Number of protein chains: 2
Amino acid sequence: MTFDSLIHTFPNTQVGKNACVLSSRIRLARNLSTHPFPGWAQKPQRVETYQQIIETLSSLPCGNKSFMEELKEFDSLQKQVLVEQHLMSRELAARSTGCGLLVNESKTLSIMINEEDHFRLQSIQPGLSLKKAFRAIDKIDTEISAQLTYAYSPELGFLTSCPSNVGTGMRASVMLHLPALVLTDQIKPVLKAVSRLGLAIRGFYGEGTESLGHLYQISNQSTLGESEHDIITRIERIVKYVITAEENARAKTLQDSPLLMIDKVSRAYGTLKYAYTMTSKEALTLISLLRLGAVIGYFPNEVLSLCDHLMIKIQPAHLQLNKGTKLDAEERDRERALTIAEAIREIPPPALPAVSSETVQRD
Amino acid sequence: MTFDSLIHTFPNTQVGKNACVLSSRIRLARNLSTHPFPGWAQKPQRVETYQQIIETLSSLPCGNKSFMEELKEFDSLQKQVLVEQHLMSRELAARSTGCGLLVNESKTLSIMINEEDHFRLQSIQPGLSLKKAFRAIDKIDTEISAQLTYAYSPELGFLTSCPSNVGTGMRASVMLHLPALVLTDQIKPVLKAVSRLGLAIRGFYGEGTESLGHLYQISNQSTLGESEHDIITRIERIVKYVITAEENARAKTLQDSPLLMIDKVSRAYGTLKYAYTMTSKEALTLISLLRLGAVIGYFPNEVLSLCDHLMIKIQPAHLQLNKGTKLDAEERDRERALTIAEAIREIPPPALPAVSSETVQRD
């Protein structure tokens, strides 16, 4: 599998039920008991660990047909592309010799080697599928543990570099698109409720409080004292509550002020279609509104996955990789506008669904 | 001439040189020496004055083929339509019996009867044509004065109800579209300079400081101590300075950041095309940007006059008259968006003129 084929495929998008869930992700942190942890290891030790891990992974089913590369083989743009696709952490991207990345063909599984821990196993699935994602990564975890000895304490569970991961070593997260809650100013109480239930919720693009593209990631805070199954069940229950809140906000807005809804979506469409320059922040907001339009039914179904891919393709490294040259911020803003206009060229303008008392079609 | 034919014709728009001048207007205030001034007259006296004036105007060439009506014959919507077209002042619209309006077929001449003064003669011409406008109204003024005796003092000149009009009784004004000065933040010093030169400059829609649609009206402050010719010459000289400032601001922006210019215009186009609801204020701003695009050459020439007509057609009374029913504010906003989308449906998206090093075409 080549780098090119790696970056040009995207995971599927959930259509229909739970369309506001983009993806479910499980990440397991694992370390070998036989080698010093990455943060403690000297360079030769890290290289030795890396080589042993690579050898083992190559012999396993998950190593077959996968993309596997040491970090020193990437240039900085390639690294950034992988970060933008959430296949690699910023922390791993900052490393080089003795650190590596494995990604399977469908990009649903990836393994970071010698990041904060020896292994960061990641599994991603479209929609609300934490259990499916867990099963997939659990299989790989079992394969690896049959060949290598994990650092494990019968009392604490899996041992990790950072105490916050000790125990299951698992972080389960769900990516949600919550435009209706944002537009109706209901997002804050929902975030607060989720937080009180012991889960972390944060904006996806742009760390901190601000969420771009109305995207929010919900994940477990603690990895200790609860089984993987219990953590996943708890997250899914709370995510379903958030989904219901989003769907209610959407339904209420559509009922109370349908015109305002299509106006917002249609304006976003017009701006995305005709702007000549656009910042990343504005693009994410407008693409989010386009996605909302697809969820409501103003656009054909395929617009949903188009929006999800576009949110990645308009990131700085992707723009530069596609253009084949380094671009400064101003050039990127222009390239972003062109990329979007080209991508949505074939999408018809939003139309009120036929069930409405009055169908308004533009163009 | 019927009311319908009156309101559905619009004056021409200047294309090419001085495209930022929408129109030139001369207004003369006149009173009869033989009748009490309107503000002083009792109702029977005002009616008598009105009848004598109507009789005289009917016998004059200007009364021929013109629209002529007493104010009591209009409903409030019709009055508002005429106000929006600047054929009638708000002050006249508030009156009824014994007050009237005369408008010629091309709407270049109008006479308000028994407004603040017995006569308010108005002449309007497209582009920078104060002299032509003055000649047209001067002819009518002469015709009337041959039949009726104006209140005139050899020392002061024409006597008017308000002392600010005494002398020539003339207000000469030019309507300017100054988007480039506004966009480049240069409008304030220009307005200040004009003001220091003894002229009044004000936003056109929305009294006060705020100018909607980037429209500004420059007019003389004083009517005393200067001949009509001198006033007009002075205004035209200062207006030419403002035109140059606008053209320089436009040229500089096009040279320094052509992308920002077409981005602004193209976004305005996209929003006007796809919005489902729009306030009057936003509509004027966006139509103004569309007009700027036409001046630059992003759009065909005819878009210029389309914009000028649209700025009138999206006003509240026009929307209701065209829809044939009373509309509340929310319904008007929706009707406005539909009216605009329909009007610009055939306009192709803005394109960088061919002279540019790189032609970018969307759609």
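Please read these numbers as outputs of a predicted model, since none were measured by experiment.

What counts, and where the lines are drawn
- Residues numbered from 1 in each chain as written.
- Chains lettered and ligands numbered in written order.
- Predicted model: local features only at pLDDT ≥ 70, side-chain atom pairs only at ≥ 80, totals over all residues.
- Heavy atoms only, no water.
- Contact = heavy atoms within 4.5 Å.
- Buried area = accessible area lost by both parts, 1.4 Å probe.
- Salt bridge = Lys/Arg side-chain N within 4 Å of Asp/Glu carboxyl O.
- Phe/Tyr/Trp six-rings, centres within 6.5 Å; stacked < 30°, edge-to-face > 60°.
- Buried < 20%, exposed > 50% of the residue type's maximum accessible area, 1.4 Å probe, protein only.
- Helix = DSSP H or I, 4+ residues; strand = E, 2+ residues; numbered from the N terminus.
- Domains from an automatic or database assignment.
- Axes fitted to C-alpha atoms, helices over the stretch in contact; angles between N-to-C directions.
- Parallel < 35°, antiparallel > 145°, perpendicular 65-115°, else oblique.
- Nonpolar A, V, L, I, M, F, W, Y, C, P; charged D, E, K, R; others polar.
- Pairing = 2+ DSSP bridges.

Peer 1: Account for the interface of chain B and chain A, naming residues and giving values.
Peer 2: At the interface, 27 residues of chain B touch 27 residues of chain A. Interface area, chain B with chain A, both sides summed: about 2700 Å², of which 55% is carbon and sulfur. Inspection of the chain B/chain A interface yields two salt bridges. With a closest N to O distance of 2.7 Å, B:E282 and A:R267 form a salt bridge.

Peer 1: Got a sec to walk through the packing of aromatic side chains? Specific residues and values, please.
Peer 2: All names here are of chain B. By the definition in use, this model includes 13 aromatic pairs over all chains. For the ring pair Y152 and F158, a centre distance of 5.0 Å and an interplane angle of 70° mean the geometry is edge-to-face. Accessibility expressed as a relative area gives 15% for F158, which makes it buried. On the basis of an interplanar angle of 35° and a centroid distance of 5.9 Å, the ring pair of Y269 and F299 is categorised as tilted. Of this pair, Y269 sits in helix α9 (residues 258-274) while F299 sits in the loop between α10 (280-296) and α11 (303-313), and the two are 30 residues apart along the sequence. Overall, the relative accessible area of 5% leaves F299 in the buried class.

Peer 1: Now, about the domain arrangement of chain A: what can you tell me, with residues and values included?
Peer 2: Residues and elements named next belong to chain A. When its domains are assigned, chain A resolves into domain 1 (3-248) and domain 2 (257-354). Of the residues lining the interface, 25 residues belong to domain 1; the matching set on domain 2 comes to 24 residues. Of the roughly 2200 Å² buried at the junction of domain 1 and domain 2 (both faces included), carbon and sulfur atoms supply 71%. Summed over the shared surface of domain 1 and domain 2, the result is zero salt bridges.

Peer 1: For unusual backbone geometry, give the residues involved together with the corresponding values.
Peer 2: Positive phi values are uncommon outside glycine, yet A:H86 reaches one of about 60°. Its place among the elements puts A:H86 in the loop between α3 (76-84) and α4 (90-93). In this structure, B:K65 takes a positive phi of about 60° despite not being glycine. Assignment of secondary structure puts B:K65 in the loop between α2 (43-59) and β2 (67-70).

Peer 1: Give a detailed account of the packing of helix α7 (residues 187-196) of chain B against helix α8 (residues 228-256) of chain B, specifying residues and quantitative values.
Peer 2: Residue and element names in this part refer to chain B. Across the interface, α7 lies against α8 with an axial gap of 11 Å and an inter-helix angle of 170°. Here α7 lies roughly antiparallel to α8, going by the angle between them. Across the interface between the two elements, V190, A193 and V194 from α7 touch I238, Y241, V242 and A245 from α8. Class assignment for the residues of the contact of α7 with α8 results in seven nonpolar, no polar and no charged.

Peer 1: Summarise the environment of A:H214; cite the residues concerned and give the values.
Peer 2: All names here are of chain A. For H214, the location among the structural elements is in the loop between β9 (199-203) and β10 (215-220). Exposure remark for H214: the relative accessible area of 9% places this residue in the buried category. Between the alpha carbons of H214 and L183 there is a distance of 9.3 Å; along the sequence they are 31 residues apart. In contact with H214, not counting residues within four places along its chain, are L176, H177, L178, P179, V182, T285, S288 and L289.

Peer 1: Tell me about the environment of A:R332, and name the residues and values.
Peer 2: By the secondary structure assignment, A:R332 is in helix α13 (residues 329-344). Filtering out sequence-adjacent residues up to four positions away, A:R332 remains in contact with A:P316, A:L319, A:Q320 and A:L327.

Peer 1: Which residues make up the sheet that holds strand β1 (residues 21-30) of chain A, and what are the values?
Peer 2: Residue and element names in this part refer to chain A. The strand order across the open sheet built from eight strands is β2-β3-β4-β5-β1-β8-β10-β9, with neighbouring strands paired in antiparallel fashion. Of all strands in the sheet, those bounded by a partner on one side alone are β2 (67-70) and β9. Adjacent strand axes in the sheet meet at a mean angle of 15° when their direction is disregarded.

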